[in-house]
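Observations on chain architecture
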Amino acid sequence: MTYLLISVPFLAVAAIAAWAARPRDRGAFRLRAIATAIAAAVLLVLTAVFDSLIVGTGIVAYDDEHRSGWTVGLAPVEDFLYPLAGVLLLPAVWSLSARANRKRTAEVDG
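A brief structural summary. Quick caveat, the model's predicted, so the values are computed rather than measured.

Structural notes on helix 2 (residues 26–56)
Taking 1.5 Å per residue as the helical rise, helix 2 with its 31 residues ought to reach 45 Å, and the 44 Å between its terminal C-alpha atoms agrees with that figure. Residues Thr 36, Ala 40, Thr 47, Ala 48, Asp 51 and Ser 52 constitute the buried set of helix 2. For helix 2, the elements touching its buried residues are strand 1 (71–72), strand 2 (75–76) and helix 3 (81–109).

Structural data, given as structure tokens:
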């Protein structure tokens, strides 16, 4: 099994959660999409820099048999899926829990 196949389910779960937590309001959706894109860009640049340093210094080594072969710097592309999943999943979980909390509060107050 390749590292890419291990990473894809995490990204799929994060994408589904992000879709479920998307704002219904078009303006709020646009703001969240912009914020997510900025956060993703920052995390991907940091991943490229620091993973390349970690791989280049030999702290971490990947078995070539399980890699896709694609790299950004010295970092395999598989390393970029986890930060991307995180940038999708964290706001989604936050939004879904806030939505559930508002619903619970409305039921108690109502």
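Having seen the structure, we can now continue with the description.
Topic: the packing of aromatic side chains
The final tally for this structure, using the stated rule, is two aromatic pairs. Measuring from ring centre to ring centre gives 5.6 Å for Tyr 3 and Tyr 62, while their planes differ by 75 degrees; the resulting arrangement is edge-to-face. Of the two residues, Tyr 3 is situated in helix 1 (residues 3–20) and Tyr 62 in the loop between helix 2 and strand 1; the sequence distance between them amounts to 59 residues. Judged by relative accessible area, which is 24%, Tyr 62 ranks as partly exposed. Geometry around Trp 19 places Arg 22 over its ring, the cationic atom sitting 4.3 Å from the centre.

Cut-offs and rules
- Residue numbering note: each chain is counted from 1, following its sequence as written.
- Thresholds applied to this predicted model are a pLDDT of at least 70 for local features of residues and 80 or more for the giving and counting of side-chain atom pairs; totals over whole chains, interfaces and linings are not thresholded and use all residues.
- Each side-chain value is worked out from all heavy atoms of the structure, with water and hydrogens disregarded.
- Only DSSP runs of H or I covering at least 4 residues are called helices, and only runs of E covering at least 2 are called strands; the numbering of each starts at the N terminus.
- Any helix carries an expected span of 1.5 Å times its number of residues minus one.
- Per-residue accessibility, obtained with a 1.4 Å probe over protein chains only, is compared with the maximum for each type, and a residue is labelled buried under 20%, exposed over 50%, and partly exposed between these values.
- The contact definition used throughout considers only heavy atoms, calling two residues in contact when any of these lie within 4.5 Å.
- Pairing of aromatic side chains requires ring centres within 6.5 Å, counting the rings of Phe and Tyr and the six-membered ring of Trp. Pairs whose planes differ by under 30 degrees are stacked, by over 60 edge-to-face, and all others tilted.
- Working rule: Lys NZ or Arg CZ, within 6 Å of ring centre, within 35 degrees of ring normal, means a charge sits over the ring.

Keep in mind these numbers describe shape, not what the thing actually does.
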